[in-house]
Amino acid sequence: MSYNIYNPEAECMPREKLAALQSERLVSTVKRVYEKVPAYKKKFDDAGVKPEDIKSVKDLSKLPFTYKQDLRDNYPYGLFAVPMDEIVRIHASSGTTGKQTVVGYTRNDLKIWGEVMARTIGAGGVTSKDIGHISYGYGLFTGGLGGHIGSETIGAATIPASTGNTARQVTILQDFKPTFLLCTPSYALTIAEYMAQHGITKDNLCLKYGFFGAEPWTRGMQTEIENRLGIECFDIYGLSEIIGPGVAYECQAHNGLHVSEDHFILEIIDPKTGEVLPEGEKGELVFTCITKEALPLIRYRTHDVGYVIKEPCACGRTCVRIGKLLGRSDDMLIIRGVNVFPSQIEGVLTTIDEIAPHYQIIVDRIDNRDMLTVLVEMTEENFTDEVRKIESMAAKIKKEIENVLGISVNVRLVAPQTITRFEGKAVRVVDNRKLRD
Ligand code: DLL
């Protein structure tokens, strides 16, 4: 098969040439942040490293890490490396604790954002002939305007639908005939569900591709959305601190997400020791921005857990891939000492036909013992109030989850439409232990 590549020169650059380009860009970025950002000067001085010590990408690990806390300590604009009159856009990410993280873009940063997002949707096959429906939230969140800038850069007709009002979204999907959709995977399911309830089928739409991300989702969820909407789904990854969506993207080979390495250098580290891990090992993703003007973060700790796929990709891109993200180290639950990622539970649920892919995980501490309960919705077709049937279905799901997690869990089946639906990022875990601690 032939694979779509938006910018073959950049995406398929020989590795040696890429390393030379990364080195050149890293050296100048490090020099610039040292001169322009007092907080970085202090950080480098404290670590005993001078810009002259950084001669190539091989020296990257000499540099100190940047943490979300650094952005909070320098709230709102303290880490910007350009004067405010060069900033043309500001976004922020809310997070669940502490102050918002504020990020800025110069005109050139927006150009880069457009480029990496055009690579992202171009990898799925989008061209200027397509029509894009952007249902990530527009606003301080980077999803909406990030999708928007990529879609316009590639030259597609762009519909800035934003999130919410699913009835209106579905009308637009039918009437404006978009060929690709961008939103969170959980919102894609909400749209599919609304359509099913209103007798609208995938044949009433012209959608061909979907670019979903901003939250972890499993391969099973991907297949579910593909079947329901009749589209090819692509996983897209990014974070506001680095640029927003556009940091890494899935290609038509569907085996990992390519990183735009000419703009962002990826390292995988052991989150406990900070040591860079050998290729292929699972650890925390750390990114360094080497072309951004406004906010070129150095060795930014994402808390996202992933690994690099070594083998060359069938698509011909030379930029490395990260495997599908398993979740964040901070959404990892520790249940009676065992590490549990919500995505492991989702992985099991999406293989079982009788239930809908809507679930919630509740963690309690009862008599000093952690208890994990999974609420799972039955599908309309399999909905029953017959106790014996419910019990046997719950027992089957419980067994399958326990096989994967290696700990005992409770499973409760609930009626269709009883678990909260999400327009933006889904919140799937309620940890009551934290409320009491
Ligand atoms: O979520 C940017 C984005 C928008 C990415 C739209 C993709 C699509 P933040 O709000 O700063 O930015 O959240 C970043 O979301 O560190 C991950 O934990 C998570 N995340 C983003 N994409 C994925 C993905 C946007 N494809 C945080 N799979 C990141 C798993 C993801 N987690």
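Quick notes on the rules
- Residues numbered from 1 in each chain as written.
- Predicted model: local features only at pLDDT ≥ 70, side-chain atom pairs only at ≥ 80, totals over all residues.
- Heavy atoms only, no water.
- Helix = DSSP H or I, 4+ residues; strand = E, 2+ residues; numbered from the N terminus.
- Polar contact = N/O pair within 3.5 Å; in protein donor to acceptor, adjacent residues only side chain to side chain.
- Contact = heavy atoms within 4.5 Å.
- Buried < 20%, exposed > 50% of the residue type's maximum accessible area, 1.4 Å probe, protein only.
- Near = heavy atom within 4 Å.
- Areas by Shrake-Rupley, 256 points an atom, 1.4 Å probe, with all protein chains shown as cover.
- Domains from an automatic or database assignment.
- Buried area = accessible area lost by both parts, 1.4 Å probe.
- Salt bridge = Lys/Arg side-chain N within 4 Å of Asp/Glu carboxyl O.

**Re unusual backbone geometry**
Here is step 1: Cis geometry marks the peptide bond from Y75 to P76, where omega comes out at -5°.
Here is step 2: Counting through the fold element by element, P76 comes out in the loop between α4 (68-73) and β1 (87-93).
Here is step 3: Although it is not a glycine, H254 sits at a positive phi angle of roughly 50°.
Here is step 4: Structurally, H254 is set in the loop between β8 (244-250) and β9 (257-259).

**Let's talk about the side chain of H91**
Here is step 1: Looking at where H91 falls in the secondary structure, it is placed in strand β1.
Here is step 2: There is a polar contact of 3.1 Å between the side chain of H91 and the side chain of R89.
Here is step 3: Apart from residues no more than four positions distant in its own chain, H91 is found in contact with T101, V102, V103, Y105, W113, G139, L140, F141, T142 and L145.

**What about the side chain of T166?**
Here is step 1: Within the secondary structure, T166 sits in helix α7 (residues 166-175).
Here is step 2: Assessed through its relative accessible area of 15%, T166 is described here as buried.
Here is step 3: Engagement of the side chain of T166 in a polar contact is seen with the side chain of Y187, the distance being 2.9 Å.
Here is step 4: Excluding anything up to four places from it in sequence, T166 contacts Y187, T190, I191 and Y194.

**So, the site of the ligand**
Here is step 1: The ligand sits among 21 residues. The nearest are D235, I236, S240, D304 and K425.
Here is step 2: One nitrogen or oxygen atom from the main chain of E215 is found 3.3 Å from a nitrogen atom belonging to the ligand.
Here is step 3: Between the ligand and S240 there is a distance of 2.5 Å, counted from an oxygen atom to a side-chain nitrogen or oxygen.
Here is step 4: Expressed as a share of its isolated accessible area of 610 Å², the protein-covered part of the ligand is 93%.
Here is step 5: Among the elements of the structure, α6 (142-154) and β7 (232-239) are those that each provide at least two residues to the shell around the ligand.

**Here we look at the domain arrangement of the protein chain**
Here is step 1: For the protein chain, the assigned domains read domain 1 (1-330) and domain 2 (333-436).
Here is step 2: With centres defined by C-alpha atoms, the gap from domain 1 to domain 2 works out at 30 Å.
Here is step 3: Contacts between domain 1 and domain 2 engage 23 residues on the former and 15 residues on the latter.
Here is step 4: Roughly 1,600 Å² is buried in total at the junction of domain 1 and domain 2, and carbon and sulfur atoms are behind 52% of that figure.
Here is step 5: When the area that domain 1 buries against domain 2 is broken down by residue, the three leading residues are E193, T218 and M221, summing to 26%.
Here is step 6: Across the domain 1-domain 2 interface, the total number found is 1 salt bridge.

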